[in-house]
Amino acid sequence: QVQLVESGGGLVQAGDSLRLSCAASGRTFAMGWFRQAPGKEREFVAGIGISWTGGIADYADSVMGRFTISRDNAKNTVYLQMNSLKPEDTAIYLCAAARYASVRRSDNDYTYWGQGTQVTVSS
C-alpha cells in the first residue's frame, strides 16, 4: 500500500513562498497536488509523470507561472514550490499518487491520498 505524507504548509503573507513536500512509501507513478478550500470543490493544482516518460508537468491556470512541481526519485518525494502566494491560494493541499505513468488532472485517476497540509496566505 502506498502511503503519502505531506509537509511544509504554514501561515504566510501574500507574496511569500512555501515549498510543500510529499514523502511516499511504496511504488508510485504519476503524482499530483490538489487543494480544497472550505465550501469549495477539490481542484487540481499540479501533476507530474514519471521520469522515463519525460517527467512532464501540468498546472492549473490559476497557478501557472507561480508554482513548480518536481520530484526526487531517489527520495521518492514530490515537491510543490509555491511562489507569489495569494490569499486565494489558501486551502488544504493534498498529495496524491496514481497508477498511471503519465500525468493526470482528474482526482478520479488517483488512488492514494495524503492527509493534507494547510496553507494559509494572509493579505
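Up top you'll find the structure we're talking about.
Reference entry: report on the structure contained in this document. (Residues numbered from 1 in each chain as written. Predicted model: local features only at pLDDT ≥ 70, side-chain atom pairs only at ≥ 80, totals over all residues. Heavy atoms only, no water.)

**Observations concerning the pairing of strand S4 (residues 31–36)**
- Within S4, five of the six residues are buried, which leaves it mostly tucked inside the rest of the structure.
- The pairing of S4 with strand S5 (residues 43–48) spans five bridges and is classified as antiparallel. Within S5, the position partnered with Arg35 by the bridge is Glu43.
- Once S4 ends, the chain turns through six residues before running back antiparallel as S5, passing Gly39 with a positive phi of about 75°.
- Taken together, the six bridges between S4 and strand S9 (residues 91–98) define a ladder with antiparallel strand orientation. Within S9, the position partnered with Trp33 by the bridge is Cys95. (Buried < 20%, exposed > 50% of the residue type's maximum accessible area, 1.4 Å probe, protein only. Helix = DSSP H or I, 4+ residues; strand = E, 2+ residues; numbered from the N terminus. Pairing = 2+ DSSP bridges.)

**Thoughts on the nonpolar core**
- Core analysis: the biggest nonpolar cluster contains 34 residues, and Trp33, Leu80, Met82 and Tyr93 have the highest contact counts within it.
- For this core, the secondary-structure elements that each account for two or more residues are strand S3 (18–25), S4, S5, strand S7 (67–72), strand S8 (77–82), S9 and strand S11 (117–122).
- It is S9 that contributes the most residues to this core, six residues altogether. (Core = buried A, V, L, I, M, F, W, Y, C linked by side-chain atoms within 4.5 Å.)

**Some thoughts on the packing of aromatic side chains**
- The tally for this structure, following the rule as stated, stands at four aromatic pairs.
- With a centroid separation of 5.2 Å and an interplanar angle of 80°, the aromatic rings of Phe34 and Tyr110 are classed as edge-to-face. Here Phe34 is found in strand S4, whereas its partner Tyr110 is found in strand S10 (residues 110–113), with 76 residues between them in sequence.
- The class for Phe34 is buried, based on a relative accessible area of 1%.
- A relative accessible area of 5% places Tyr110 in the buried class.
- Both rings, one in Phe34 and one in Trp113, keep their centres 5.1 Å apart while their planes meet at 55°; by these two values the pair is tilted. Of this pair, Phe34 sits in strand S4 while Trp113 sits in strand S10, placing them 79 residues apart in sequence.
- On the basis of relative accessible area, Trp113 is assigned to the partly exposed category, the value being 27%.
- Put simply, the rings of Phe34, Phe44, Tyr110 and Trp113 touch in pairs and so form one group of aromatic residues.
- Over the ring of Trp113 we find Arg42, and its NZ or CZ is 4.5 Å from the ring centre. (Phe/Tyr/Trp six-rings, centres within 6.5 Å; stacked < 30°, edge-to-face > 60°. Lys NZ or Arg CZ within 6 Å of the ring centre and 35° of its normal.)

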